[in-house]
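Now for the letters of each chain:
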Protein chains: 2
Amino acid sequence: MKAVLVIADGMADRPIKELNWKTPLEAARKPSLNHIAKTGICGIMDPISPGVPPGSDTATLSLLGYDALKVYSGRGAFEATGSGVDVLPDDVAFRCNFATVDDNFVVLDRRAGRISNEDASKLAERLQKIKLKKPSNVQFLFRNTIQHRAVLVIRGPKLSTAVGDSDPEKAGEKVSDIKPLDESPEARLTAQVLKELMQKLHEVLMQHPINKDRVKRGLPPANIILCRGAGMFPKIKSLSQIYNIRAVCIGATPLIRGVCKTAGMKLIDVKGATGTPQTDFIAKAKATVKALNANDFVLLHVKATDVASHDGNVEQKIEMIEKIDSMLSYMLDNINLDETYLAVTADHTTSSVTGGHEGDPVPIAITGPYVRRDDVEEYGERTCANGGLNRIRGMDLMPILMNLIGKTKKFGA
Amino acid sequence: MKAVLVIADGMADRPIKELNWKTPLEAARKPSLNHIAKTGICGIMDPISPGVPPGSDTATLSLLGYDALKVYSGRGAFEATGSGVDVLPDDVAFRCNFATVDDNFVVLDRRAGRISNEDASKLAERLQKIKLKKPSNVQFLFRNTIQHRAVLVIRGPKLSTAVGDSDPEKAGEKVSDIKPLDESPEARLTAQVLKELMQKLHEVLMQHPINKDRVKRGLPPANIILCRGAGMFPKIKSLSQIYNIRAVCIGATPLIRGVCKTAGMKLIDVKGATGTPQTDFIAKAKATVKALNANDFVLLHVKATDVASHDGNVEQKIEMIEKIDSMLSYMLDNINLDETYLAVTADHTTSSVTGGHEGDPVPIAITGPYVRRDDVEEYGERTCANGGLNRIRGMDLMPILMNLIGKTKKFGA
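Remember, predicted model here, so these are calculated numbers, not experimental data.

### So, the pattern of salt bridges
Residues and elements named next belong to chain B.
Part 1 of the argument: Following the criterion strictly, the structure yields 51 salt bridges over all chains and no others.
Part 2 of the argument: A salt bridge links Asp-91 to Arg-155, with the nearest nitrogen and oxygen atoms 2.7 Å apart. Of this pair, Asp-91 sits in the loop between helix 5 (76-82) and strand 3 (92-101) while Arg-155 sits in strand 6 (residues 149-155), and the two are 64 residues apart along the sequence.
Part 3 of the argument: In this structure Asp-91 comes out as buried when scored by relative accessible area, which is 2%.
Part 4 of the argument: With its nearest N and O atoms 3.7 Å apart, the salt bridge here joins Lys-122 to Glu-118.

Put into structure tokens, the structure is as follows:
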């Protein structure tokens, strides 16, 4: 027995006036999602707990069976790991942006005009050569990832994630002063190192030929690095240690890849999978079918639904749901459902109206040979609420799936 | 007001192909169960938490309102207590089997040909006379219970449950070496004492006339004791301390009797109650009705449904459910339901397909004067999921029942 978990990022939504008070999921044409609901057991699920809007990192941790409230230790380490940077257990990692500030450190553009990978790579290469003065046992790694995005890892024996962001998260605001968030010497040291480093990065960027050239070309210079989300590798057991399974992740988003890698899952790269609305949905479905040959558990993550919701683009969100439905259609046709359980859910609700993650529960449907099939005929936020699973927590899902495929241990005699 | 809780061991199941994808409970003729569902409030219940397959001991602890994840400390102490052996707070107890090994300690028969009570008693009497050498403050108690089953209690001031089993749980495998499971001196001492004792028991059994006689008669000699499930008495308050009630248990299974005794419940012996499919269901119903006169809470446990499921015997499971239904019919006719709440559930799902305990929720129905009666018309895994209790945890049930009979205290002002 094997299991596939499809997570459509931010697919769940709230009713929208323009859709005659339907949600995008309710308004979409989705024969495959409905088939899964109809042949499966349905329910609603609070990724963390009712009313709590989860990040995609905490939600995915939770859907993988971990108690995110206990083990989550910041976004940075997941971003770095997911971007291919090796993060060690005591490293503190940050998500960074190349950005543009004026002389008073007011942010003009948080993405430095969505700087090209080429420019960002050259700048990052130079930044990595900077030497930190003290303490001598602290080092850093700086890597650009996609466009303006980058990761920073600070490595040393006595560091802490209790440091504030420098990223004010809004253009027009001043860069935040980096401060320790508690009284520990570790937090003070980390803040001091980070502050010094940010100053040096800024000095080097101000002088760099690439930026002089950008100004000439009328582009905003990438003259500062903004950092946020200090994070350490959470101390968790891998899925293979917990359930004795071979588990893989198919997904393009660095944050999700980082969470999955942290859970000991193998990452599978799929050509054409981009983490954007232009991703190749069928390529992902094919990769999933193939991965089932040699693995017990496949997590398939699709980012596109979340992107559309953050942009408040209801039409695009419906379109993305319909593409996910086609992706599922391929999977239903090519997976042996006599020996495979297929679960479909979202990691959180993203409201197309507020444009943000919200705390409403998400729909969940599980089909497969021995589920207690219920009366739900349609996949949606409200129809699934009438299903046989009733209301569960995100961290309950993995034990349920692992129990169905015979990978849980009895508690007691 | 009084309450009866009927626990049908492993009664819940998954849909089965031969039953046209019904569960045994759904396929059974069960007018009394349906009447309870129809006149009561229904729901589904996770004995421990979603997806976690419980043992009958952890599940029963949970259904009695205890947090099994916190208080469970192994099966052994329950088995011993339930078999009538007095277990003291610091004792370490084991479930044992009389078994047959060859000269290389490979297990030939884990039950020594299901040795008779008579032979086992004589052997146990001799084994109890063995003297442990050191340390001088450690003693042991060895008692045979039914056929090949026995319990061992090790008593001393500095013992631990962190010791491995000697029982490999499978014929054809070698007897496991007893090892401490952590680094504590207590675990080392317990493992050392147990190892020495097991060796002595083996030596005495090898020489015993009963075994020589068994070989002559062509029977497998009971030449070794296999032990497993090291357990200590959990440190819990009794039900009478928590709710100020008189509580009794009607059930034949030593493990369940042990849990109930540990919770401070009185054990009632019923003639003809055997813990097997041949048990006298009506005798148990009569004993329950009688016990309500002098007590506030009666737990009635039936083992037969679990036995049938472990054997994959779907027909027998249905038959057992129908017998439970007759038992409930007698109770409905003879209990004053104006002042008694009657709850019926299972301690866990046992799949007739996998033959093991599974992590699916169990149905629960509570009837009685003031429950919020819902629309459920039939007792079953799926119908109850539509009930007014929605989905609760095992440890929630006892507070619900105790509140209905007016035995809970207000939390706050």
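Continuing now.
### Observations regarding the interface of chain B and chain A
Part 1 of the argument: Opposite the 35 residues of chain B that make contact, chain A presents 22 residues.
Part 2 of the argument: Summed over both sides, the interface between chain B and chain A buries roughly 2,200 Å², with carbon and sulfur atoms accounting for 54% of that surface.
Part 3 of the argument: With its nearest N and O atoms 3.8 Å apart, the salt bridge here joins Asp396(A) to Arg393(B).
Part 4 of the argument: Summed over the shared surface of chain B and chain A, the number is 14 residue pairs in polar contact (both at pLDDT 80 or more).
Part 5 of the argument: Broken down by secondary-structure element, the contributors of at least two residues to the side of chain B that touches chain A are helix 3 (56-63), helix 4 (68-71), strand 13 (357-358) and strand 15 (390-393) of chain B.
Part 6 of the argument: A breakdown of the residues in the side of chain B that touches chain A according to their chemical character gives 16 nonpolar, nine polar and 10 charged.

### Looking at the packing of aromatic side chains
Part 1 of the argument: Enumeration over the complete set of coordinates arrives at six aromatic pairs over all chains.
Part 2 of the argument: With a centroid separation of 6.2 Å and 25° between ring planes, the pair formed by Tyr72(B) and Phe78(B) is classed as stacked.
Part 3 of the argument: Given the relative accessible area of 0%, Phe78(B) is considered buried.
Part 4 of the argument: The interplanar angle of 85° and the centroid separation of 5.8 Å between the aromatic rings of Phe98(B) and Phe142(B) together place this pair among those described as edge-to-face. Here the residue Phe98(B) occupies a position in strand 3, and Phe142(B) occupies one in strand 5 (residues 139-144), the gap between them amounting to 44 residues.
Part 5 of the argument: Of the aromatic side chains, those joined through ring pairs into one cluster are Phe411(A), Tyr72(B) and Phe78(B).

### Focus on the packing of helix 6 (residues 117-127) of chain A against helix 8 (residues 209-216) of chain A
What describes two packed helices is the angle between their axes and the distance between those same axes.
Residue and element names in this part refer to chain A.
Part 1 of the argument: Their axes nearest at 9 Å, the elements helix 6 and helix 8 cross at an angle of 150°. Along its contact with helix 6, which presents Asp-119, Lys-122 and Leu-123, the element helix 8 presents Ile-210, Asn-211 and Arg-214.
Part 2 of the argument: Of the residues assigned to the contact of helix 6 with helix 8, the class counts are two nonpolar, one polar and three charged.

### Section: helix 6 of chain A
All names here are of chain A.
Part 1 of the argument: Within helix 6, burial applies to Asp-119, Ala-120, Leu-123, Ala-124 and Leu-127. In an axial view of helix 6, the angular spread of the buried residues amounts to 130°, which keeps them on one side of the axis. The exposed residues of helix 6 that point more than 90 degrees off its buried face are Glu-118 and Glu-125.
Part 2 of the argument: Against the buried residues of helix 6 lie strand 3 (92-101), strand 5 (139-144), helix 7 (185-207), helix 8 and strand 7 (224-231).

### Considering the pairing of strand 10 (residues 297-302) of chain A
Residues and elements named next belong to chain A.
Part 1 of the argument: The element strand 10 is largely enclosed, with a buried count of six among its six residues.
Part 2 of the argument: When strand 1 (residues 2-8) meets strand 10, the two strands line up parallel, connected through six bridges. Directly across from Val-6, in strand 10, lies its bridge partner Leu-300.
Part 3 of the argument: Of the pairings in the sheet, the one linking strand 8 (residues 247-250) to strand 10 comprises four bridges and is parallel in character. By the bridge assignment for strand 10, Cys-249 is matched with Leu-299.

### Points about the relation of the copies chain B and chain A
Applying a rotation about an axis and a shift along it to one chain copy brings it onto the other copy.
Part 1 of the argument: With an axial shift of 0.3 Å and an RMSD of 0.3 Å, the rotation relating chain B to chain A amounts to 123°. Viewed as a symmetry operation, the transformation between the two copies matches a three-fold axis.
Part 2 of the argument: Taken together, the interface assignments show that only 9% of the residues at the interface of chain B recur at the interface of chain A, consistent with different surfaces on the two copies.

### Regarding the sheet that holds strand 8 of chain A
All names here are of chain A.
Part 1 of the argument: Read from one edge of the open sheet, eight strands run 9-8-10-1-11-14-2-15, paired in mixed fashion. This sheet does not close on itself; its edge strands, each paired only once, are strand 9 (266-268) and strand 15 (390-393). Strand after strand, the sheet turns through a mean of 25° between neighbouring axes, direction not considered.
Part 2 of the argument: Examined bridge by bridge, strand 1 and strand 11 (residues 340-346) share seven bridges and lie parallel to one another. Paired with Val-4 across the bridge in strand 11 is Leu-342.

### Description of the confidence of the model for chain A
Part 1 of the argument: In the predicted model, chain A carries a mean pLDDT of 95, and 100% of its residues have values of at least 70.
Part 2 of the argument: Quick note on the complex model: pTM equals 0.92, ipTM equals 0.91.

### Some words on empty space enclosed by the protein
Part 1 of the argument: According to the stated counting rule, one finds one cavity of 30 Å³ or more in the structure shown.
Part 2 of the argument: Roughly 230 Å³ of internal volume is contained in the largest cavity.
Part 3 of the argument: Forming the walls of the largest cavity are 20 residues, and the residues nearest its centre are Ile41(A), Arg372(A), Leu389(A), Asp360(B) and Pro361(B).
Part 4 of the argument: Ranked by the residues each element gives to the lining of the largest cavity, the list is headed by helix 14 (residues 394-404) of chain A, at three residues.
Part 5 of the argument: In terms of residue class, the lining of the largest cavity is built from nine nonpolar, four polar and seven charged.

Rules of the game
- Residue indices begin from 1 for each chain and proceed along its sequence in written order.
- Written order decides the labels, with chains lettered from A and ligands numbered from 1.
- Whole-chain, interface and lining totals are the exception, using all residues; otherwise, since this is a predicted model, local features are given only for residues with pLDDT of at least 70 and side-chain atom pairs are given and counted only at 80 or more.
- Hydrogens and water molecules were not included; the side-chain quantities draw on all heavy atoms of the structure.
- Every case where a carboxyl oxygen of Asp or Glu lies within 4 Å of a side-chain nitrogen of Lys or Arg is listed as a salt bridge.
- Only DSSP runs of H or I with at least four residues qualify as helices, and only runs of E with at least two residues qualify as strands; both kinds are numbered from the N terminus onward.
- Relative accessible area decides the class of each residue, using a 1.4 Å probe on protein chains only: under 20% of the type maximum gives buried, over 50% gives exposed, and in between gives partly exposed.
- Two residues form a contact once any of their heavy atoms are found within 4.5 Å.
- Using a 1.4 Å probe, buried area is obtained as the accessible area two parts lose upon being combined, added over both of them.
- In protein, a polar contact requires one atom able to donate a hydrogen and another able to accept it; more generally it is a pair of N or O atoms within 3.5 Å, and residues adjacent in sequence count only if both atoms are side-chain atoms.
- Note that Gly is not counted as nonpolar here; it falls among the polar residues with everything else outside the nonpolar set of Ala, Val, Leu, Ile, Met, Phe, Trp, Tyr, Cys and Pro and the charged set of Asp, Glu, Lys and Arg.
- Within 6.5 Å between ring centres, the rings of Phe, Tyr and Trp (the latter by its six-membered ring) count as paired, and their orientation is classed by plane angle as stacked under 30 degrees, edge-to-face over 60, tilted in between.
- Only the contacting stretch of a helix is used when fitting its axis, a line to C-alpha atoms as for every element, and angles between N-to-C directions run 0 to 180 degrees.
- An arc is given here, and it is the one of the directions from the helix axis to the C-beta atoms.
- At least two bridges found by DSSP between two strands are what make those strands a pair.
- To superpose the copies, least squares is applied to the C-alpha atoms of every residue with a pLDDT of at least 70 in both.
- A residue's pLDDT is simply how confident the predictor is in it, with values from 0 to 100.
- Both cavities and pockets are sets of points on a 1 Å grid over the protein atoms alone; in a cavity a 1.4 Å probe fits but cannot get out, in a pocket the set is open with protein on both sides within 12 Å along at least five of seven lines, and lining residues sit with an atom within 4 Å of a point.
- Grid points are joined across faces, edges and corners, and a volume is the space filled by probe spheres set on the points.

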